[in-house]
Amino acid sequence: MATVCKHLSVEELEERYVGSQDATASRHFQVIWLLARGHTISQVSETTAFGERWIEQLLARYNAEGSEALGDLRRRNGAPATILKPNLLAKLRDRLGEPPPDGALWSSRKVAAWMAGELGLVSVAPQRGWEALKAIGWSIQKPRPKNPKSATPEQAAAFKKSLRTPLPRRPRSTPAKRSRSLPQTSTALA
């Protein structure tokens, strides 16, 4: 029988198991709850479909750190945002209302250069500019290039007018006729 530390009572463990919104945390609390109720590790393994070794690891984590050690801990792996702070994104939203210094369209590289100036850095990777644009809900819109050989509006209008007259239909080269490969037969003679 496994020893479960008394971080939470059996009733509190059951409440966390039943009431947890996170599926992973719920299953982890189920494991600890079953162990606290006196089930063996192999019985808990059969009930939850977790391996015995994993159940032992969960129990060790719970005994060492309490209920904070249960659930999906990967979400706490990342570092907090260092560049994309809310105040910088708010300034960026205002700045994008005006054209960039070169007068063309905004790009991730131009946003990154603007962010570097705002933060007092030498440079910011263009990827961070793209992430900032995505964070505020922008997508880069670039007009399609104009074909240099395209027709003028007058030429296009003249072409459209010429299409209104129907083209003469060509006669078929081979008229469709009934096949004459076999003689006609009648079923009345039979």
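Values in this document were obtained by computation on a predicted structure and should not be read as measured data.

Q: Could you give me a rundown of the pattern of salt bridges, with the residues and numbers involved?
A: Taken as a whole, this structure holds four salt bridges when the rule is applied. We note a salt bridge from Lys-91 to Glu-118, for which the minimum N-O separation is 3.6 Å. Placement of the pair is Lys-91 in helix H5 (residues 86-95) and Glu-118 in helix H6 (residues 108-119), with a sequence separation of 27 residues. The class for Lys-91 is partly exposed, based on a relative accessible area of 45%. Among the residues examined, Glu-118 registers a relative accessible area of 38% and is labelled partly exposed.

Q: Would you mind going over the nonpolar core in detail, with residue names and values included?
A: Leu-13, Val-31, Ile-32, Leu-35, Ile-55 and Tyr-62 are the most contacted members of the largest nonpolar core, which has 19 residues in total. Counting residues per element, the ones that place at least two in this core are helix H2 (23-36), helix H3 (41-48) and helix H4 (52-65). With seven residues, H2 is the single largest residue contributor to this core. Listed in part, the 15 residues of the second largest apolar core include Leu-89, Leu-96, Val-111 and Leu-133.

The rules behind the values
Residues numbered from 1 in each chain as written. Predicted model: local features only at pLDDT ≥ 70, side-chain atom pairs only at ≥ 80, totals over all residues. Heavy atoms only, no water. Salt bridge = Lys/Arg side-chain N within 4 Å of Asp/Glu carboxyl O. Helix = DSSP H or I, 4+ residues; strand = E, 2+ residues; numbered from the N terminus. Buried < 20%, exposed > 50% of the residue type's maximum accessible area, 1.4 Å probe, protein only. Core = buried A, V, L, I, M, F, W, Y, C linked by side-chain atoms within 4.5 Å.

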